Amino acid sequence: METKETEIKETIVKKIDNKDIDKLYQDEDIRLAADIIKSGGLVAFPTETVYGLGADAFMEEAAKKIYAAKGRPSDNPLIVHISEIREVDDIAECIPDIFYSLAKKYWPGPMTVVLKKRNIVPDATSGGLDTVAVRLPDNNIARAIIKESGVPIAAPSANTSGRPSPTKAIHVLEDMNGKIDMIIDGGTVGIGVESTIIDLTSDIPTLLRPGAVTLEMLENTCKRVDVDPAIEHLLTGNEVPKAPGMKYKHYAPKADMKLVRGNESDVLKYLKGQIQNSDRLIAVLTVDEHKDMFDTVSSEKLNIKVLSLGSSKNPESIAYNLFDILRKCDELGVEYIFSESFDERGIGKAIMNRLKKAAGFEIIDV
Ligand code: AMP
Ligand code: MG
């Protein structure tokens, strides 16, 4: 599959409050967004996870434009977004019972399911696979646009391929200005990391990407859940990830990044040692509770930037800030990033997966 050249165009940016869905239907900017989608254009909009870059999922040419705007490899399929559970039947077939149990609990919400696709879904949307990823987002703006468009919307994260996912409209503008037709600015997203992906096409459901619907939550509903190895480590030799996107370098800041793992005092000691002796522009990604400990060094050495990802008592805050902080590191032009590591339970699995990927799985155990 070839991807098309992107033409330069003017990107319309419209701010909308995330209000009652009935009011959103009457909003002229939502109508404009839907008209653009219907005519094969690209619109970025907020979801509860990150901003998505949407196009008509059934229109081959429109889906191809997404790959061109993002610079995304054409074998990396798109997630199809719907506005009601029953629309899943238009897109997928042979749907297993476990889907309905999961959808009842976690839809609308940050969970994407992989199902067997119907022929109507073009190869450009499914990356040539015979399966399709589907999600019902929990965001009124997103659902109003899908409803008004009258078609399912293929929407990957609205970032340039390889860059951190956008959690604010300004991030989308940074990456997509002049490449897409419209950006709906609905404020900052609620969660900050992309949806959980679970593959339901094999006998045992398999977690392909961790997110805010946690492994523990999935295990509550499914008897057993396998975890795709691509989540945990860099794949070697002939291992192939089930989510094609997991094989690409991702979320990557421009700096060389390393994760530091171990008990709290050892990690802090290691980090201080690293920054004390360096003249390079270094960012240390830490937590609110540890930030003060770097005060002396960072006030004496202007080349050291200490950034808090959030509170260690509130891992959701870390998920929420993660991509924004990685983008900040790019803005500051830092050369090296050292980040603390986090407990992998609950949403910690998603946080650590994104951090490991951003660091190219380079972990220093101290
Ligand atoms: P994004 O929307 O940018 O967060 O990326 C979507 C992710 O979903 C990528 O990692 C894709 O590889 C994955 N994905 C989409 N469709 C499928 C599918 N049919 N099977 C497995 N993974 C998929
Ligand atoms: Mg993405």
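Please read all numbers here as calculations on a predicted model, not as lab measurements.

1. A short note on the UniProt feature "domain: YrdC-like" (unreviewed entry) in the protein chain
Here's step 1: In this structure's numbering, the residues bearing the UniProt feature "domain: YrdC-like" (unreviewed entry) are residues 27–213.
Here's step 2: Within residues 27–213, the helical portion is 31% and the strand portion 21%, while the C-alpha atoms at the span's ends are 31 Å from each other.

2. Some remarks on the packing of helix H13 (residues 315–332) against helix H14 (residues 348–358)
Here's step 1: Orientation of H13 relative to H14, taken along the N-to-C sense of each, is 25°, at an axis distance of 10 Å. Here H13 lies roughly parallel to H14, going by the angle between them. The two elements H13 and H14 cross, and the hand of that crossing is left-handed. In contact with Pro315, Ile318, Ala319, Leu322, Phe323 and Leu326 of H13, H14 contributes Ile351, Arg354, Leu355 and Ala358.

3. Digging into the UniProt feature "binding site: L-threonine" (unreviewed entry) in the protein chain
Here's step 1: What UniProt calls "binding site: L-threonine" (unreviewed entry) maps, in this numbering, to Thr49, His81, Arg135, Ala155 and Ser195. Across 147 residues of sequence, these annotated residues stay compact in space, with a maximum C-alpha separation of 12.6 Å. In this structure, the largest pocket is lined, among the annotated residues mentioned, by Thr49, His81, Arg135, Ala155 and Ser195.
Here's step 2: You can see His81 is positioned in strand S4 (residues 79–81).
Here's step 3: Under the relative-accessibility criterion, His81 is labelled buried at 4%.
Here's step 4: Not counting residues up to four positions away in its chain, the partners in contact with His81 are Arg135, Pro137, Ile146, Pro152, Ile153 and Ala155.
Here's step 5: A distance of 3.2 Å separates a polar side-chain atom of His81 from the backbone oxygen of Ile79.
Here's step 6: Relative to the helices and strands, Arg135 resides in strand S7 (residues 131–135).

4. Regarding the layout of surface pockets
Here's step 1: When its volume is computed, the largest pocket comes out at roughly 590 Å³.
Here's step 2: Every element with two or more residues in the lining of the largest pocket is listed here: S4, helix H6 (123–126), S7, strand S10 (196–199) and strand S11 (206–209).
Here's step 3: The greatest single-element share of the lining of the largest pocket, amounting to four residues, is contributed by S7.
Here's step 4: The residue makeup of the lining of the largest pocket, split by class, is 18 nonpolar, 13 polar and seven charged.
Here's step 5: Put simply, the second largest pocket is a space of about 300 Å³.
Here's step 6: Lining the second largest pocket are 15 residues, and of these Ser312, Glu340, Ser341, Phe342 and Asp343 lie nearest its centre.
Here's step 7: Within the residue set of the lining of the second largest pocket, elements represented by two or more residues are helix H10 (264–276), helix H11 (288–291) and H13.
Here's step 8: Class assignment of the residues belonging to the lining of the second largest pocket gives a composition of six nonpolar, four polar and five charged.

The rules behind each value
- Residues numbered from 1 in each chain as written.
- Chains lettered and ligands numbered in written order.
- Predicted model: local features only at pLDDT ≥ 70, side-chain atom pairs only at ≥ 80, totals over all residues.
- Heavy atoms only, no water.
- UniProt positions renumbered as here; feature names shortened; annotations may be inferred.
- Helix = DSSP H or I, 4+ residues; strand = E, 2+ residues; numbered from the N terminus.
- Axes fitted to C-alpha atoms, helices over the stretch in contact; angles between N-to-C directions.
- Parallel < 35°, antiparallel > 145°, perpendicular 65-115°, else oblique.
- Left-handed = near helix turned anticlockwise from the far one by under 90°.
- Contact = heavy atoms within 4.5 Å.
- 1 Å grid on protein atoms, 1.4 Å probe; cavity = no way out; pocket = protein on both sides within 12 Å on 5 of 7 lines; lining within 4 Å.
- Buried < 20%, exposed > 50% of the residue type's maximum accessible area, 1.4 Å probe, protein only.
- Polar contact = N/O pair within 3.5 Å; in protein donor to acceptor, adjacent residues only side chain to side chain.
- Points joined across faces, edges and corners; volume = space filled by probe spheres on them.
- Nonpolar A, V, L, I, M, F, W, Y, C, P; charged D, E, K, R; others polar.

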